[in-house]
Amino acid sequence: MDPHRIARVQAWFRSVILMSDPIAHRFCDRLFHLYPEAQEMFAEDLSAQRTKLFQTLTVAEAGLGHGDDLLPAARDLGRRHARDRVGERH
Ligand code: HEM
């Protein structure tokens, strides 16, 4: 990503971070609407999961522009998801 685009993504992210909870709700609602089978992969109480989602996105946002530093952690996260039966369609 070029520096101008990174700056725009980071500015956008910082402007929505205060709305992280409703956005995370929306993310889960949409995921379960599109892929109802995904719901049973999660605990009933999704509050901790919503927090983890945004914590991870915050780390990713902060890492933009630092080359490939994030790749090992992103690959690990992907592997853990695949182990939890998360597929490409999700
Ligand atoms: C922006 C995209 C996503 C991010 C940043 C993200 C991040 C995370 C994180 C940080 C965890 C905690 C466990 C760990 O670190 O391994 C987790 C767990 C999990 N994620 Fe994701 N996730 C994303 C998308 C998805 C999608 C699309 C699915 C599809 C079903 C999914 C399914 C799961 C499941 C099943 C767990 C385990 C839940 C549990 O143990 O109760 N994730 N995710």
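Okay, so let's go over this structure.

Cut-offs applied
Residues numbered from 1 in each chain as written. Predicted model: local features only at pLDDT ≥ 70, side-chain atom pairs only at ≥ 80, totals over all residues. Heavy atoms only, no water. Donors = N, O, S within 2.8 Å, 3.2 Å for Na, K, Ca; no water. Helix = DSSP H or I, 4+ residues; strand = E, 2+ residues; numbered from the N terminus. Phe/Tyr/Trp six-rings, centres within 6.5 Å; stacked < 30°, edge-to-face > 60°. Expected span 1.5 Å × (residues − 1). Buried < 20%, exposed > 50% of the residue type's maximum accessible area, 1.4 Å probe, protein only. Arc of directions from axis to C-beta. Contact = heavy atoms within 4.5 Å. Core = buried A, V, L, I, M, F, W, Y, C linked by side-chain atoms within 4.5 Å.

This paragraph deals with the coordination of the iron atom of the ligand. Just one protein ligand coordinates the iron atom of the ligand, and it is His 81 (NE2) at 2.0 Å. Assignment of secondary structure puts His 81 in helix 4 (residues 71–83).

Let's shift gears to the packing of aromatic side chains. Enumeration according to the criterion identifies three aromatic pairs in this entry. What links up through ring pairs into an aromatic cluster is the set Trp 12, Phe 13 and Phe 54.

Given 3.6 residues to a turn, an α-helix orients residues that are three or four positions apart in the same direction. The terminal C-alpha atoms of helix 2 (residues 20–34), which comprises 15 residues, lie 21 Å apart, in line with the 21 Å expected from a rise of 1.5 Å per residue. Of the residues making up helix 2, those classed as buried are Ala 24, Cys 28, Leu 31 and Phe 32. Axial view of helix 2: buried residues confined to an arc of 90°, hence all on one face. Across helix 2 from its buried face, at more than 90 degrees, point the exposed residues Pro 22, Arg 26, Asp 29, Arg 30 and His 33. Check the buried side of helix 2 and you find it contacts helix 3 (47–63).

For residues that are not glycine, phi is negative in most cases, and the peptide bond is trans in most cases. One non-glycine residue, Arg 85, lies in the positive phi region at around 70°. Judged by its relative accessible area of 54%, Arg 85 is exposed.

This part covers the nonpolar core. Side chains that are nonpolar tend, in soluble globular proteins, to be buried together. By size, the foremost hydrophobic cluster in this structure holds five residues: Cys 28, Leu 31, Phe 32, Ala 38 and Leu 46. Beyond its immediate sequence surroundings of up to four residues, Ala 38 is in contact with Leu 31, Phe 32 and His 90.

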